[in-house]
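Listed here are the chains, written in short residue letters.
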Amino acid sequence: MTLEQLFAESLGVAIDLVHDDLTYQSIPQWDSTAHMLLIARMEDEFGVMLDTDDIIDMSSVAKARQILAKYDVQC
């Protein structure tokens, strides 16, 4: 699964809405509850355990990609 697919499924939006510039709370679907769902899905899908700072710092799709790269996940 791609990062874009994961975001689209988790947020319940069309995949064409998911791009690197999509930011937290820029759309109604990406609220605090959805943020935690995204974190859980990312951890499950990519086999990582994100630390608290990463969870707080994940403010966009681009930032999520950057955080995952720290865990050697290319997406």
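No experiment lies behind these values; they were computed from the predicted model shown.

Q: Can you break down the packing of aromatic side chains residue by residue, with the values?
A: Across all of its chains, the model carries two aromatic pairs by this definition. Consider the rings of Phe7 and Trp30, whose centres lie 5.3 Å apart with planes at 75 degrees: the pair is edge-to-face. Of this pair, Phe7 sits in helix H1 (residues 3-11) while Trp30 sits in the loop between H1 and helix H2 (32-46); the two residues are 23 residues apart in sequence, bridging distant segments of the chain. Relative accessible area serves as the criterion here: at 0%, Trp30 is assigned to the buried category. Pairwise contacts between aromatic rings join Phe7, Tyr24 and Trp30 into one cluster.

Q: Quick rundown of unusual backbone geometry? Include the residues and the values.
A: The phi torsion of most residues other than glycine is negative, and most of the peptide bonds are trans. Residues other than glycine seldom take positive phi values, yet Gln25 does so here, at roughly 65 degrees. Counting through the fold element by element, Gln25 comes out in the loop between H1 and H2.

Q: Quick rundown of the environment of Ile15? Include the residues and the values.
A: With respect to the helices and strands, Ile15 occurs in the loop between H1 and H2. Residues Ile15 and Val73, 58 residues apart in the sequence, show an inter-C-alpha distance of 20 Å. Each residue touching Ile15, except ones within four places of it in the same chain, is listed here: Glu4, Gln5 and Ala8.

Q: Can you explain the pattern of salt bridges? Please cite residues and give values.
A: Taken as a whole, this structure holds four salt bridges when the rule is applied. Put simply, Glu9 and Arg41 hold a salt bridge, and the shortest N to O gap is 3.1 Å. With a gap of 32 residues between them, Glu9 in helix H1 and Arg41 in helix H2 connect regions that are remote in the sequence. Salt bridges sharing common partners tie together Glu4, Asp20 and Arg65.

Q: Go over the side chain of Glu43, please, and point to the residues and values.
A: Inspection of the secondary structure puts Glu43 in helix H2. Buried charge without a partner: Glu43 forms no salt bridge, and the closest opposite charge is Arg41, 11 Å away. A polar contact is formed between the side chain of Glu43 and the backbone nitrogen of Leu50, at a distance of 2.9 Å. Not counting chain neighbours up to four residues away, the residues in contact with Glu43 comprise Val48, Met49 and Leu50.

Each value, and the rule that gives it
Residues numbered from 1 in each chain as written. Predicted model: local features only at pLDDT ≥ 70, side-chain atom pairs only at ≥ 80, totals over all residues. Heavy atoms only, no water. Phe/Tyr/Trp six-rings, centres within 6.5 Å; stacked < 30°, edge-to-face > 60°. Helix = DSSP H or I, 4+ residues; strand = E, 2+ residues; numbered from the N terminus. Buried < 20%, exposed > 50% of the residue type's maximum accessible area, 1.4 Å probe, protein only. Contact = heavy atoms within 4.5 Å. Salt bridge = Lys/Arg side-chain N within 4 Å of Asp/Glu carboxyl O. Lys, Arg positive; Asp, Glu negative; His and termini not counted. Polar contact = N/O pair within 3.5 Å; in protein donor to acceptor, adjacent residues only side chain to side chain.

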